[in-house]
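# Examining the three-dimensional arrangement
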Amino acid sequence: MRRLTAAAGIAVALLALTACRSNPSVAAYVGNTTFTEEQVTQLIDEVKKIPNIDPQAVPDRYQVVQMLVLDEVCKRAAADLKATLPPVQTQPGQPALAGVQQSLQNCRENLPVKGVQPTPAELREVYDNGVAVGAINATDPANSFDKVAPQLAQSGELGDALAKRNVLKDTAEAMNVSVNPRYRPMNFAVLSFNQGPALSLGLGQPADAVEDAVVPADTAAQPQPQQ
């Protein structure tokens, strides 16, 4: 009976933890950091206030949450690797989101990893993504998987991207990243063809946020892979 009681207690504790990470006003949880929907709105509004800003240059909510989540995960990964990132150069008066974007780019470029050898499954993943975005013409016999895979396997760029994806994935899991369902699927391109993503990292699934939350009225979230 004690064991049953203990199990019930654990279940209650898990339910309580889940409830703590299911606030519809939260866009994402990244470790101990919470990004609220209000913060996302404020970041977008700052960009909109830039004089003569092209409306097409204003990021949507999905893109903003993407940047916030990956920047936090990447900085944690760099800290775990005991890496010292170069300082981010910001301009006076620039919107806060520009600083987040620069921080993320700085971290991704300087994350110290050792390239890994792609597995057959990873080579197939990249090949299939290339076909999907039109970067590889699979109807050409010269572009069959058996012929393209060895070329991909020799790419140091792919090996580095795979290593970074592994590190970021492990860090995100350790940080218990949780993304509101309205921003799912959340995929980050860690390597891209000119036409689209070659290798992506999915973060924040599954999330504990409520499924029926309403998207804020300023703009709907449209998932787009980060280039």
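Residues numbered from 1 in each chain as written. Predicted model: local features only at pLDDT ≥ 70, side-chain atom pairs only at ≥ 80, totals over all residues. Heavy atoms only, no water.

### Quick word on the sheet that holds strand 3 (residues 178-179)
Strand order across the open sheet formed by three strands is 2-1-3, with antiparallel pairing between neighbours. Looking at strand neighbours, the two that pair on one side only are strand 2 (33-36) and strand 3, the edges of this open sheet. On top of the sheet, helix 2 (residues 37-48) reaches strand 1 (26-30) and strand 2; it is set at about 60 degrees to strand 2, its chief contact. Seen against the sheet, helix 3 (residues 61-80) touches strand 1 and strand 2 and runs at an angle of roughly 15 degrees to strand 1. (Pairing = 2+ DSSP bridges. Helix = DSSP H or I, 4+ residues; strand = E, 2+ residues; numbered from the N terminus. Contact = heavy atoms within 4.5 Å. Axes fitted to C-alpha atoms, helices over the stretch in contact; angles between N-to-C directions.)

### A short note on the packing of aromatic side chains
Applying the stated criterion to the full structure yields one aromatic pair. Relative to Phe145, the ring of Tyr127 has its centre 5.3 Å away and its plane inclined at 75 degrees; by these criteria the two rings are edge-to-face. Separated by 18 residues along the polypeptide, Tyr127 in helix 5 (residues 120-132) and Phe145 in helix 6 (residues 145-153) bring together distant segments of the chain. Note on accessibility: Tyr127 and Phe145 belong to one class, buried. A cation over an aromatic ring shows up here: Arg124 above the ring of Phe145, its NZ or CZ 3.9 Å from the ring centre. (Phe/Tyr/Trp six-rings, centres within 6.5 Å; stacked < 30°, edge-to-face > 60°. Buried < 20%, exposed > 50% of the residue type's maximum accessible area, 1.4 Å probe, protein only. Lys NZ or Arg CZ within 6 Å of the ring centre and 35° of its normal.)

### Concerning helix 7 (residues 156-174)
Here helix 7 is 19 residues long and its end C-alpha atoms lie 27 Å apart, about the 27 Å a rise of 1.5 Å per residue gives. Here helix 7 has its buried residues at Leu158, Gly159, Ala161, Leu162, Ala163, Arg165, Leu168, Thr171 and Ala172. Once helix 7 finishes, Asn176 follows within two positions and takes phi at roughly 55 degrees, a positive value. (Expected span 1.5 Å × (residues − 1).)

### Points about unusual backbone geometry
Cis geometry is found at the peptide bond from Arg184 to Pro185, where omega equals -10 degrees. Turning to its location among the elements, Pro185 is positioned in the loop between strand 3 and strand 4 (187-192). The phi dihedral of Asn52 falls on the positive side, at around 60 degrees, and the residue is not glycine. In this structure, Asn52 sits in the loop between helix 2 and helix 3. The exposed category is assigned to Asn52, whose relative accessible area is 81%.

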